[in-house]
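Working through the structure, step by step
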Amino acid sequence: MYSPGAAPVAGATSLLWPLLLALPQCFGVHGLALIPFAWALGFLALGLLGYETARAAAGIVSPRLSWLAGALALAFSANTWFAASGMEVVPLAWLLMRCARRAAEWLEGERTRARHGELLLLALLAPAMRPEGALGSALVASALALGPGPRRSSALASALGCLLFPLLPPLLYLAFTGHATQTTTLVKWLPFNPYLDASGLRAAIAYNVQLFWSTLLDGQWWSAVFVPQHSKYVNWLALPALIFAAQARSRVARGWLLVALGLGILLPVTYDSFLWNRLRYLWPFAGPWLIGLVALCDQIGEFSALLWQRLSALRYLLAAAIGCCLASTFPFALSDLSTSAHAISAQHVSLGEWAERALPEDARIGVNDTGAIAYFSRRRVFDIVGLTTAGEARYWSAGAGSRFEHYERLPRAALPTVFIVYPPWFALPDLFGPCLTERTVYATILGGTTMVACPADYTRLGSGERPTLLNFWPRAARDTLDVADLDSEAAHGYALLPASQADDVLLSNGVVLDGARLHRSRDSFRLDLSPGGQLVSRLGAEQPLTVSLQVGGRLVDRWTVNRPDFEDRASSLPTDLPPGLAEVQLSAESGTFSSLHYWAYDAPR
């Protein structure tokens, strides 16, 4: 972890890759001097991936054509881009392809004790490289469980062990951090999105599948750097061609293992966004698609040979044409790689080096990208996204208003003293002091155009904790629901859905700051009320609208909300109201309102 003294957090997407990159540091290699070592590992993995892809294609396509599958893996510019990026994409792709090939060979009868040990090792290493590597463990487990042999109990035990290997990283996280779930999973995985119910989850995944199938496979927008444009119809045929080739050549097990690996490319559609970092989550599963394209060329050549024998050479021409199409993206991809590296250096690295020069050693930097800024500043960091700061992922996923409410609960010593962030990401401009410096760089690899460095200003934290109505200031509230405060909402049974992260914001009237949820048509919750007491509601509305307040099913008050920021309204409660928790419902007669705060008070004496 780059932040000395911070609590351990399960923020590492990969366990194995950082360990490999840390090896040269044991010998005194630090900083930018680590880049050649990362390149060496990346391009070594790329060479091994080309070899494995060619070997996996053997038996699926014509003997003299399988090497073209490996050539396509090398011609696919995404692999080169990521081999040079320092990310674990290509090493994971190699491990997955080797899992599939070795599992296929095991099912095809090539079984030795040494190969059995290698299968177990691959099943262990793949999920250690990235969580998606669990698919490699599953491929190996299926081969061990389904392969013929007299010692079925031993094979099943080995298969079960492979299925358990993906649990080792979470167990390590649990042992060292107290949390088994990665913070990356909490932030990015759709099932953990607090605003999606079952139908919303299905709709989000269906949208991502359609985006992948119709846009990314067609080389449009995000995939244009690596995938030839208007190629989706050919790409759609890749996996079906793989199945057909496997059936035709009696390599059914190999074919289905490769298809299963290729379908792993759909795993990222369950992420909140799989479009980040040049689609890094997709490309480890591209190998079987490339083999499928070669198989498609092979089949076209075979069918053409039925018409005229010499047309069998068409398979080589078509495969070479596909290779040329893939290679045609190299100039664009390499230019993008250069531009992206320069952009990160000009923005993140530059601000990290500025922080090391300009900020005191005890500074604590609030960041939304912990990599270069944390590394080059040599200062403690507070990750507002929560990937490397314990406990923050939950509030980032909720929205800006919830983060503000959370910051109100934290000790000031735990909060950042300065923020180096993208302002639209941070979305809490009222916590900025006068900015000290900024870096504006135009590049799509970045999370924003301008990143600013501003001292933190917490003078208005807690300013919204009391009603603005003066006659309530001397009195202590009996109970309080602070909307957008996740703990307060949970304690009061606040009915959250329907809601969205974009509607979880911070509102200000120029003096008071308060977290809010926008576009509410109805609020429902429980509050501790007293007979004859008062309920103060803090609401806002973009356009004047009428709201009604019900307590225990009884209409208690009805009024018009006029202010677009917020206003407080005191409602008198019935004297015959039973004391204690009561069901409260506030609804708009038309339109939507902004909900911020509710206070319950005893009857004035």
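Refer to the structure above for everything that follows.
Residues numbered from 1 in each chain as written. Predicted model: local features only at pLDDT ≥ 70, side-chain atom pairs only at ≥ 80, totals over all residues. Heavy atoms only, no water.

Here the structure, examined in full by the defined rule, presents one disulfide. Two residues share a disulfide in this structure: Cys435 and Cys454, whose sulfurs sit 1.8 Å from each other. Judged by the torsion about the S-S bond (70°), the Cys435/Cys454 disulfide is right-handed. A residue pair is termed long-range when its members are at least 10 positions apart, and Cys435 in the loop between helix H21 (423-426) and strand S4 (437-440) and Cys454 in strand S5 (residues 450-455) qualify at 19 residues. By relative accessible area, Cys435 is classed as partly exposed at 43%. What makes Cys454 buried here is its relative accessible area of 0%. Cys324 takes part in no disulfide bond, and the closest cysteine sulfur to it belongs to Cys325, at a distance of 7.1 Å. (Disulfide = S-S within 2.5 Å. Helix = DSSP H or I, 4+ residues; strand = E, 2+ residues; numbered from the N terminus. Buried < 20%, exposed > 50% of the residue type's maximum accessible area, 1.4 Å probe, protein only.)

Read across the sheet, five strands follow the order S2-S1-S3-S5-S4 without closing on themselves; strand pairing throughout is mixed. Looking at which strands have only one partner, the edges of the open sheet turn out to be strand S2 (380-383) and S4. Averaged over neighbouring strand pairs, the angle between their axes works out to 20° when direction is ignored. Strands strand S1 (364-367), strand S3 (418-421), S4 and S5 of the sheet are contacted by helix H17 (residues 330-358), whose axis makes an angle of about 165° with S4. (Pairing = 2+ DSSP bridges. Axes fitted to C-alpha atoms, helices over the stretch in contact; angles between N-to-C directions. Contact = heavy atoms within 4.5 Å.)

Two elements in contact, helix H5 (residues 89-107) and helix H6 (residues 113-129), have axes separated by 10 Å at closest approach and are oriented at 150°. The angle between H5 and H6 places the two elements in the roughly antiparallel class. For the element pair H5 and H6, the recorded crossing hand is left-handed. Along the contact surface, H5 presents Pro91, Leu92, Leu95, Arg98, Cys99, Arg102, Ala103, Glu105 and Trp106, while H6 presents Arg115, His116, Glu118, Leu119, Leu122, Leu125, Ala126 and Met129. Taken together, the residues of the contact of H5 with H6 break down into 11 nonpolar, one polar and five charged. (Parallel < 35°, antiparallel > 145°, perpendicular 65-115°, else oblique. Left-handed = near helix turned anticlockwise from the far one by under 90°. Nonpolar A, V, L, I, M, F, W, Y, C, P; charged D, E, K, R; others polar.)

The next point concerns a nonpolar patch on the surface. Residues Leu121, Leu124, Leu160, Leu163, Leu164, Leu167, Leu168, Leu171 and Leu174 make up a contiguous nonpolar surface patch of roughly 790 Å² in combined accessible area. Listing elements by their share of the nonpolar patch, those giving two or more residues are H6, helix H8 (152-164) and helix H9 (168-177). Here Leu167 is to be found in the loop between H8 and H9. Given the relative accessible area of 45%, Leu167 is considered partly exposed. (Patch = residues over 30% accessible without salt bridge, like charges linked within 9 Å, V, L, I, M, F, W, Y side chains within 5 Å. Areas by Shrake-Rupley, 256 points an atom, 1.4 Å probe, with all protein chains shown as cover. Salt bridge = Lys/Arg side-chain N within 4 Å of Asp/Glu carboxyl O.)

Pairing is antiparallel in the open sheet, where four strands are placed in the order S9-S14-S11-S12. The open sheet terminates on both sides in strands that have one partner only, identified here as strand S9 (522-529) and strand S12 (554-561). Strand after strand, the sheet turns through a mean of 20° between neighbouring axes, direction not considered. Pairing of strand S11 (residues 545-551) with S12 involves seven bridges; the strand directions are antiparallel. Across the sheet, residue Gln550 finds its bridge partner in S12, namely Leu555.

Moving on, we get to the nonpolar core. One finds Phe226, Phe274, Trp283 and Ile420 to be the most contacted residues of the largest nonpolar core, which totals 107 residues. Ranked by residue count, the leading element in this core is H5, at 12 residues. Counting 25 residues, the second-largest nonpolar core is a separate cluster that includes Leu527, Leu577, Phe593 and Tyr598. (Core = buried A, V, L, I, M, F, W, Y, C linked by side-chain atoms within 4.5 Å.)

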